[in-house]
Amino acid sequence: MSAVTDADAHDVIRRIADAELSPASRIAHGLLLAAALAMTLVIVSLGLTEADLPLRTKAAFAVLAAIGTGWTGYAVWVLTHRRVLFARQRVIGGQLAVTFTSIFTLGGFAIGAGAGIPAGFFPGGLGLALIPVSLLLLAREHLRLAALNDRLRQLEAARRAAA
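Residues numbered from 1 in each chain as written. Predicted model: local features only at pLDDT ≥ 70, side-chain atom pairs only at ≥ 80, totals over all residues. Heavy atoms only, no water.

(A) Layout of the pattern of salt bridges. Under the counting rule described, the total for this entry stands at four salt bridges. One salt bridge in this structure joins R140 and E141, with 3.0 Å as the shortest N-O distance. A relative accessible area of 4% places E141 in the buried class. D150 is paired through a salt bridge with R153; the nearest N and O atoms lie 2.4 Å apart. Remark: R153 and D150 occur in helix α5 (residues 121-162); sequence separation between them is three residues, near one turn of the helix. Judged by its relative accessible area of 38%, D150 is partly exposed. Within the structure, one salt-bridge network assembled from shared partners comprises R90, R140, E141 and R144. (Salt bridge = Lys/Arg side-chain N within 4 Å of Asp/Glu carboxyl O. Buried < 20%, exposed > 50% of the residue type's maximum accessible area, 1.4 Å probe, protein only. Helix = DSSP H or I, 4+ residues; strand = E, 2+ residues; numbered from the N terminus.)

(B) A look at the nonpolar core. A36, I67, W71, Y74, V78, L96 and F100 together form the largest nonpolar core, which totals seven residues. For this core, the elements supplying multiple residues, two or more each, are α3 (55-81) and α4 (88-114). Ranked by residues supplied to this core, first place goes to α3 with four residues. Sequence-distant contacts of A36, defined by excluding residues within four places in its chain, comprise G68, W71 and T72. With five residues, the next largest nonpolar core counts A87, V91, L138 and L145 among its residues. (Core = buried A, V, L, I, M, F, W, Y, C linked by side-chain atoms within 4.5 Å. Contact = heavy atoms within 4.5 Å.)

(C) Representation of the packing of aromatic side chains. Tallied over the full model, the rule gives four aromatic pairs. Ring plane angle 70° and centroid distance 5.7 Å describe the contact between W71 and F100, whose orientation is recorded as edge-to-face. Here W71, found in helix α3, pairs with F100, found in helix α4; they are 29 residues apart in sequence, far enough to count as distant. Each of the two residues, W71 as well as F100, counts as buried. On the basis of an interplanar angle of 55° and a centroid distance of 6.1 Å, the ring pair of F109 and F121 is categorised as tilted. Taken together, the positions of F109 in helix α4 and F121 in helix α5 put the pair 12 residues apart, joining distant regions of the chain. An aromatic cluster of at least three residues, connected via ring pairs, comprises W71, Y74, W77 and F100. (Phe/Tyr/Trp six-rings, centres within 6.5 Å; stacked < 30°, edge-to-face > 60°.)

(D) Local environment of α3. Over its 27 residues, α3 extends 39 Å from the first C-alpha to the last, a length consistent with the 39 Å expected when each residue adds 1.5 Å. All of the buried residues along α3 are A65, I67, G68, W71, T72, Y74, A75 and V78. The inward-facing, buried residues of α3 contact α2 (23-49) and α4. (Expected span 1.5 Å × (residues − 1).)

(E) Region of the structure containing the packing of α3 against α4. Closest axis-to-axis distance for the α3/α4 pair is 11 Å, and the angle between their directions is 175°. Judged by the angle between their axes, α3 and α4 are roughly antiparallel. Counting all contacts with α3, which are made through V63, I67, G70, W71, Y74, W77 and V78, the residues of α4 involved are Q89, R90, I92, G93, L96, A97, F100 and I103. (Axes fitted to C-alpha atoms, helices over the stretch in contact; angles between N-to-C directions. Parallel < 35°, antiparallel > 145°, perpendicular 65-115°, else oblique.)

Structural data, given as structure tokens:
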């Protein structure tokens, strides 16, 4: 590791702190916001306008609306901060993905086993394939966040030592 001067550490910290969310990330989160909001509105509209739906369908709509609301809130949070969040948004997004994929998987198997609908096992099986992927992505983002935090601590320590 090379020696970091006080001016170098100060410049790096200031650049990181002042950096805005990248345009690509802003566009991706804007698309996520649009998709999640559209999905939520469609599901809520269907649930409210169709009075004769079975209870399990209403429950499924409520869960899907809650998931859509969660993704909408996440996208709004990231977009309103407009600053680099030091990979925290990726960790939170990964946690949401693991949670919602698990709910999806359990719901599929509950429909297949509990309601006696064999077609419910297909989404449950798909969810079983998606859970490890979302867990791997979450682990990767935890490592990325830890590396960024370590680097920030190193730069701050170098700045204090030079002062």
